[in-house]
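As a plain string of letters, each chain reads:
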Amino acid sequence: MSESDPRIEAYARLLVERCIDPERGWHVLVATTTDARPLAEELSRQLARRGAYALTRIHFGGLYPLDVSWLTAAPPELALVLPPLEQHVVDRVDGSIFVLAPSDPPADADLTPEQRRGFRAQFSAYRARGRAGAAREVRCDFPTPHFARQAGLSLAEYEDVFYEACLRDWDEEGRRMQPVLERFDRAESVRIVGEGTDLTLSLAGRKGR
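Described in the following lines is the structure provided in the data block. Starting afresh in each chain, residues are numbered from 1 along the sequence in its written order. Only residues with pLDDT of 70 or above have their local features reported here, since the model is predicted, and side-chain atom pairs are shown and tallied only from 80 upward, although totals for entire chains, interfaces and linings are computed over all residues. With hydrogens and water stripped out, all remaining heavy atoms of the structure feed into the side-chain values.

A few points about helix α9 (residues 170-186)
We count a stretch as a helix when DSSP gives it H or I for four or more residues in a row; a strand needs E for two or more, and each element gets its number in order from the N terminus. A helix is expected to span 1.5 Å for every residue after the first. Over its 17 residues, α9 runs 23 Å from end to end, which matches the ideal 24 Å to within 8%, given 1.5 Å per residue. We define the bend at each residue as the angle formed by axes fitted to the 7 residues ending at it and the 7 residues starting at it. In α9, a bend of some 50 degrees at Met177 exceeds every other bend along the element, and Pro179, a proline, comes one to four places later. N or O atoms within 3.5 Å of each other form a polar contact, as long as, within protein, one can give a hydrogen and the other can take it, and as long as residues adjacent in sequence are counted only when both atoms are side-chain atoms. Put simply, Asp169 is the residue that caps the front of α9, since its side-chain oxygen is 3.2 Å from the backbone nitrogen of Asp171.

Notes on the environment of Gly205
If you trace the backbone, Gly205 turns up in the segment after β6 (197-202). Residue Gly205 is classed as exposed on the basis of its relative accessible area of 86%. Measuring from C-alpha to C-alpha, the distance between Gly205 and Glu188 comes to 8.2 Å, with 17 residues separating the pair along the chain. For every residue, the accessible area obtained with a 1.4 Å probe (protein chains only) is divided by the maximum for its type, and the residue is called buried under 20%, exposed over 50%, and partly exposed between those limits.

Let's talk about the side chain of Ser103
Mapped onto the fold, Ser103 is located in the loop between β3 (95-100) and α6 (113-131). Of note is the side chain of Ser103, whose polar atom sits 3.0 Å from the backbone oxygen of Gly61. Polar contacts involving the side chain of Ser103 include one to the main-chain carbonyl oxygen of Pro105, which spans 3.0 Å.

A word on the pattern of salt bridges
Throughout this description, the term salt bridge denotes a Lys or Arg side-chain nitrogen within 4 Å of a carboxyl oxygen of Asp or Glu. Counted by the stated rule, this structure contains 18 salt bridges. Residues Asp171 and Arg18 are paired through a salt bridge, measuring 3.2 Å at the closest nitrogen-oxygen approach. Linking Asp171 in helix α9 with Arg18 in helix α1 (residues 6-20), this pair joins segments that are 153 residues apart in sequence. Residue Asp171 is classed as partly exposed on the basis of its relative accessible area, which comes to 45%. For Arg18, a relative accessible area of 45% corresponds to the partly exposed category. One salt bridge in this structure joins Asp104 and Arg149, with 2.7 Å as the shortest N-O distance. In this pair, Asp104 sits in the loop between β3 and α6 while Arg149 sits in helix α7 (residues 145-151), placing the two residues 45 residues apart along the sequence. Given a relative accessible area of 37%, Asp104 falls into the partly exposed group.

Focus on the packing of aromatic side chains
Note on aromatic pairs: each is described by the distance of the centres and the angle between the planes. Any pair of Phe, Tyr and Trp rings, taking the six-membered ring for Trp, is counted once the centres come within 6.5 Å. Such a pair is stacked with planes under 30 degrees apart, edge-to-face with planes over 60 apart, and tilted for the rest. In total, this model carries eight aromatic pairs according to the counting rule given. For the ring pair Tyr11 and Tyr163, a centre distance of 5.9 Å and an interplane angle of 80 degrees mean the geometry is edge-to-face. Here Tyr163 lies in helix α8 (residues 155-166) and Tyr11 lies in helix α1, a separation of 152 residues in the sequence. Summarising the burial analysis for this pair, Tyr11 and Tyr163 share the class buried.

Rendered as structure tokens:
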């Protein structure tokens, strides 16, 4: 895919304008890998045009946008927490964009169980405020050969499927899904039944948006 693919600009605009919708002066953390460089650069441009600051974290090829080299070499007691200065930043950002864009194979594919605990703990720490509703956040993907191979498609085919799914009229989708949202909001639980599957999830205290 060419770095000038207009779908990248449209995707970045979706993430910034619809998912984060930053105000002037906001600090927005952008974390991804070198494999998503075209998107990372476009996200910076989009944030700048909104008068927001891009706090960019670019890493090398892991499934999660974290420093694989540091995490795999660090003692467990360090790997389980963010660096104090980085935690200070995370506690104060107004929004975050996490883009998963692994290399093929991902740089963090062969971790030990202990190293995986560190990865999960750090990524959870990055996302904690977003999940709690204390800061705006979006976690998304960027088409890479790894994702295409997992889907059994060429990269070009995967890009077409990916962008067709993402770049649509979301206002119209919202109107179309309104009856589903209302039905879920009236329910206390949802049950998913299929071949080899019988899963019940609680909806108590949760509302759709």
